[in-house]
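So you can see what is in the structure, the chains are spelled out below.
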Amino acid sequence: MACAFAVVMIAPVLWILGLSLKDNTLLMRGTDAVFSSPYTLENYGNLFHSSLVFRWLLNSTIVAIGQTLGVLTLSSLAGYAFARLEFPFRKTLFVIVLFGLAVPEQAVIIARHQMFSWLNMHNSYLGLMLPGMSSAFGVFLMTQFFRAIPKEIDEAALLDNTPRFRIFWRVLSPLTIPAQATLGIFTFLLAWNDYWWPLISATKKEMFTLTIGIASTQTNFAQSEGLGFLAAQAVFASLPVVVVYIFFQRHIVTAVSGGAVK
Amino acid sequence: MAESYRRSHWSNALFILPYLTVFVSLLVFPLCWGVWLSLNKVDLFGGARFIGLKNYVRVFNDPVFAQAVWNTIVFVLVSVPTLVALGLFLALALNKTSRASSFMRGLFFSSSILSVTIVTLIWRFVFIPGDGLLAILFDAMGWQQIGFLSAKGWSLFSVGVATVWWCLGLPMMLFLAALQQIPNDLYEAAALDSASRWRTFTRVTFPSIKSTIILVAIIQIVMQFQLFGQAQLMTNGGPAGTSRPIVMYIYETGFVRWDVGKGAAASEVLFLIILVAAMVQYWVTSNKEEA
């Protein structure tokens, strides 16, 4: 049974791989041509002619990496404070932040769009990466991780009157590197794949991310004369996440299943 | 003298200040501002006039909105149980330490890492009439082709198939994690009593992972209510709006027709629906536990 599902799971992917390797004029006569040779890499070569695809790739990379670094910085600072330090309204603030987990993006999107219009931040990298940094998930995850570190480790440093930031940076942060990797990869994938915010915020073609860019080339799909080329674009656009997935599978699984069980 | 470690201190809050700034300005403020917008008649140049609940009246009187709500509810009612059942089934089948099962887990989860654009592109290649994978399959079988993306009863279904394919990995992984938490002696005791497989499942496995099932269902309800990209890219809401979900309605009202107040009102309605659905689900399942 599970094997049958695996076939259903993988057949569409093989289909699109096959299409991407076929000559477009051959496909015009019938896509069942996929099942027999000749195959060609021409569609992938043609990617180099449409320069915007590479611009979108660059945009996605900048946005995803920037957003990831932002989330890591903000959440580990906040996670450290929530887990280790005492300050007025700590518990109340933590509950409010957790409440943020429950707010769907649609509830804020229109107001957010207006705000970014006032600040003239649409079609900018900062504008694309900032909204993702407000996610409460990272703060929640990092708080859990900081809590799990034994107290003895930093209590000694505190007796020596070491400044708090230094304890955070030199003593505790290095211990959270596995957690940072998990959160980082998770955030990277989310940012890379985001569709809703870039669709609204990026209106100039040069500022599209790969996700939006590829979607914008899909109009008139049924009449398209370049099915093979479209397929090649899809394969090309998903290569970075597939590579990330293959290399960091273990961390992704931890991120997905880790916090949820308790 | 060294300060006591846990002494409450304002300066400690400096660590959360950067995140809190982003959180308040990009989530809390827009949330409140969105509610305010929904109570105003907003024009394109930023002018706003308070009109009370009129936007909500307009939304509720809009048959297009009613249809979108209906589509979304049908979609959630079908896709969420499917995802929970399939995810649980796969987790049970792959809860082994063999190489093959860990490969299969990776395979089933791999689709979740793709963006909605790629997922819909893949499934359009499957569903398109004439040249799609299914069309070829149907021809080979000698069956009449179906307009999966263009026929009234089929378009929402096709969006659902792509969605299940895309989202299945997360429930499966969560169930696997839960299954691995069940202590082995429970199964040993069941084996001693020579309980059947079904009985072992209903008496041991199911009660142990019940809280995970609730969690998965709530996560999926919240996620599937936000259906947008698949419908927009695969069917564009058609034919005749039969696959237009609420979020697409919000998008079209707010960002295509620039009726900002009405769009904001619709998004607040969606927010409320999601909250209520998740709470009802939680309440129903936790009540059963007590009985």
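Quick caveat, the model's predicted, so the values are computed rather than measured.

## With respect to helix α12 (residues 246-256) of chain B
Residue and element names in this part refer to chain B.
Thought 1: Burial within α12 is extensive, with ten of its eleven residues counted as buried.
Thought 2: Within α12 the residues assigned to the buried category are Ile246, Val247, Met248, Tyr249, Ile250, Tyr251, Glu252, Thr253, Gly254 and Phe255.
Thought 3: Positioned one or two residues after α12, Trp258 has a phi angle of 55 degrees, which is positive.

## Topic: the interface of chain A and chain B
Thought 1: Residue-level contacts link 95 residues of chain A with 84 residues of chain B.
Thought 2: For the pair chain A and chain B, the two sides together bury roughly 7,900 Å², of which 77% comes from carbon and sulfur.
Thought 3: Between the two partners, chain A and chain B, sit zero salt bridges.
Thought 4: Summed over the shared surface of chain A and chain B, the result is 15 residue pairs in polar contact (both at pLDDT 80 or more).
Thought 5: With 14 residues, helix α14 (residues 227-257) of chain A is the single largest residue contributor to the side of chain A that touches chain B.

## Observations concerning a nonpolar patch on the surface
All names here are of chain A.
Thought 1: A contiguous nonpolar patch, built from Val242, Val243, Ile246, Phe247 and Phe248 and spanning about 480 Å² of accessible area, is present on the exposed surface.
Thought 2: Checked against the element boundaries, Phe247 lands in helix α14.
Thought 3: Among the residues examined, Phe247 registers a relative accessible area of 65% and is labelled exposed.

## A few points about unusual backbone geometry
Residue and element names in this part refer to chain B.
Thought 1: The residue after Gly238, namely Pro239, is reached through a cis peptide bond having omega -10 degrees.
Thought 2: When you line up the elements, Pro239 lands in the loop between α11 (229-234) and α12.
Thought 3: Notably, Ser194 is not glycine yet its phi reads approximately 40 degrees, a positive angle.
Thought 4: With respect to the helices and strands, the residue Ser194 is situated in the loop between α9 (184-192) and α10 (197-225).
Thought 5: Backbone geometry places Trp258, a non-glycine residue, at a positive phi of 55 degrees.
Thought 6: Turning to its location among the elements, Trp258 is positioned in the loop between α12 and α13 (260-290).

## Comments concerning the nonpolar core
Thought 1: With 171 residues, the main nonpolar core has B:Phe108, B:Trp123, B:Phe125 and B:Met172 as its most contacted residues.
Thought 2: Not counting chain neighbours up to four residues away, the residues in contact with B:Trp123 comprise A:Pro12, B:Val161, B:Ala162, B:Trp165 and B:Met234.

## A short note on helix α5 (residues 116-127) of chain B
Thought 1: Over its twelve residues, α5(B) extends 16 Å from the first C-alpha to the last, a length consistent with the 16 Å expected when each residue adds 1.5 Å.
Thought 2: Most of α5(B) sits out of view: twelve of its twelve residues are buried.

## Quick look at the packing of aromatic side chains
Two aromatic rings, taken as a pair, are described by how far apart their centres are and by the angle between their planes.
Thought 1: In the structure shown here, the tally under the stated rule is 39 aromatic pairs over all chains.
Thought 2: Judged by centre distance (5.1 Å) and plane angle (45 degrees), the rings of A:Tyr80 and A:Phe168 are tilted. Of the two residues, A:Tyr80 sits in helix α4 (residues 52-84) while A:Phe168 sits in helix α10 (residues 164-172), which places them 88 residues apart along the sequence. Comparing A:Tyr80 with A:Phe168, the two get one shared label, buried.
Thought 3: Through pairs of rings, three or more aromatic residues link up here, namely B:Trp123, B:Phe127, B:Phe138, B:Trp143, B:Phe148, B:Trp154, B:Phe157 and B:Trp165.
Thought 4: In this structure, A:Lys22 is placed above the aromatic ring of A:Tyr39, and the distance from its NZ or CZ to the ring centre is 4.8 Å.

Parameters at a glance
All residue numbers here refer to positions counted from 1 along the written sequence of the relevant chain. Numbering of ligands from 1 and lettering of chains from A proceed in the order in which they are written. Selection of residues for local features in this predicted model requires a pLDDT of at least 70, selection of side-chain atom pairs for listing and counting requires 80 or more, and totals for whole chains, interfaces and linings are taken over all residues. Side-chain descriptors were evaluated using all non-hydrogen atoms of the structure, hydrogens and water having been removed beforehand. Each residue is placed in one exposure class: buried if its accessible area under a 1.4 Å probe, protein chains only, is under 20% of its type's maximum, exposed if it is over 50%, and partly exposed if it falls in between. Only DSSP runs of H or I reaching four residues or more are called helices, and only runs of E reaching two or more are called strands; each is numbered from the N terminus. Working rule for contacts: check all heavy atoms of both residues, and any pair within 4.5 Å makes them a contact. Two parts lose some accessible area (1.4 Å probe) when they are put together, and adding that loss for both gives the buried area. Salt bridges are defined by distance alone: a side-chain nitrogen of Lys or Arg within 4 Å of a carboxyl oxygen of Asp or Glu. In the analysis that follows, any N or O atom pair within 3.5 Å is treated as a polar contact, provided that within protein one partner can donate a hydrogen and the other can accept it, and provided that, for residues neighboring in sequence, both atoms belong to side chains. A patch is a set of surface residues, each over 30% in relative accessible area and not in a salt bridge, joined within 9 Å for like charges and within 5 Å for the nonpolar side chains Val, Leu, Ile, Met, Phe, Trp and Tyr. Only the protein chains shown count as cover for residues, and all accessible areas are computed by the Shrake-Rupley method using a 1.4 Å probe. Here the nonpolar core consists of buried residues drawn from Ala, Val, Leu, Ile, Met, Phe, Trp, Tyr and Cys, with membership extended through side-chain atoms lying within 4.5 Å. Expected helix span is computed as 1.5 Å times (number of residues minus one). Ring pairs are drawn from Phe, Tyr and Trp, using the six-membered ring of Trp, whenever the two centres fall within 6.5 Å, and their geometry is named by plane angle: stacked under 30 degrees, edge-to-face over 60, tilted for the rest. By definition, being over a ring means that NZ of Lys or CZ of Arg is both within 6 Å of the ring centre and within 35 degrees of the ring normal.

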